[in-house]
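Descriptive structure summary
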Amino acid sequence: MPTSVVKYDSVAVLTSKEDLSRDSIDQFRNAASRCIDEGYFNLVVDFSVVNSIDSVGLETLLDLQDQCEERLGCVRLCALDETVQKILEITRLNRRFEAFPDLDSAVRSYI
């Protein structure tokens, strides 16, 4: 399974096993939609295995953030590598998403 989901109380963690790109985004989107349908509006996207993200991946993150914010939640990112961090800076999306160095700190930030 390209995207795994682990739930901690009111937080769902999505970990993609592939880059977030046009070729692999559908499975990630489906997993995220299931989380929201189940009432998880505070999400962490774990980038520990992701090395790249394209425009479709960025658009998906923005859509996900909008859906969560409508329900008084938010999306936080963790374990970004230098490439993904640079992409977020260039697109200025680093201002839209709070990022954490590791999964534990991202999950605990909701408490």
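Everything numeric in this text was worked out from a predicted model, so none of it was measured.

1. With respect to the sheet that holds strand 3 (residues 42-46)
Sheet architecture is open: 5 strands sit in the order 1-2-3-4-5, paired in mixed fashion. Two strands lie at the open edges of the sheet, namely strand 1 (3-8) and strand 5 (98-100), each paired on one side alone. Each strand axis lies, on average, 25 degrees off the axis of its neighbour in the sheet, ignoring direction. One ladder, built from 5 bridges, connects strand 2 (residues 11-16) with strand 3; its direction is parallel. By the bridge assignment for strand 3, A12 is matched with L43. Its contacts with the sheet put helix 1 (residues 25-37) on strand 1, strand 2 and strand 3, and the angle it makes with strand 2 is roughly 170 degrees.

2. Some words on the pairing of strand 2
Every regular strand shows the same layout, with side chains that alternate between the two sheet faces. With 6 of its 6 residues buried, strand 2 lies for the most part within the structure. Covered by surrounding structure in strand 2 are V11, V13 and T15 together with A12, L14 and S16, the residues of both alternating faces. Relative to strand 2, strand 1 runs antiparallel, the two sharing 6 bridges. Of the residues in strand 2, the one forming a bridge with T3 is S16. Where strand 1 folds back onto strand 2 in an antiparallel hairpin, the turn is made up of 2 residues, including D9, whose phi is positive at roughly 50 degrees.

3. Some points on unusual backbone geometry
Its identity as a non-glycine residue notwithstanding, A79 has a phi of 60 degrees, on the positive side. Looking at where A79 falls in the secondary structure, it is placed in the loop between strand 4 (74-78) and helix 3 (82-90). One non-glycine residue, R92, adopts positive backbone phi at about 65 degrees. Structurally, R92 is set in the loop between helix 3 and strand 5. Residue R92 is classed as exposed on the basis of its relative accessible area of 55%.

4. Here's the deal with the environment of V5
By secondary structure assignment, the location of V5 is in strand 1. A residue is classified by how much of its surface remains accessible, and V5, at 31% relative accessible area, is partly exposed. Placed 30 residues apart in sequence, V5 and C35 show a C-alpha to C-alpha distance of 8.3 Å. Beyond its immediate stretch of four places on either side in the chain, V5 contacts A12, V13, L14, A31 and C35.

Each value, and the rule that gives it
- Residues numbered from 1 in each chain as written.
- Predicted model: local features only at pLDDT ≥ 70, side-chain atom pairs only at ≥ 80, totals over all residues.
- Heavy atoms only, no water.
- Pairing = 2+ DSSP bridges.
- Helix = DSSP H or I, 4+ residues; strand = E, 2+ residues; numbered from the N terminus.
- Axes fitted to C-alpha atoms, helices over the stretch in contact; angles between N-to-C directions.
- Contact = heavy atoms within 4.5 Å.
- Buried < 20%, exposed > 50% of the residue type's maximum accessible area, 1.4 Å probe, protein only.

These figures capture arrangement, not role.
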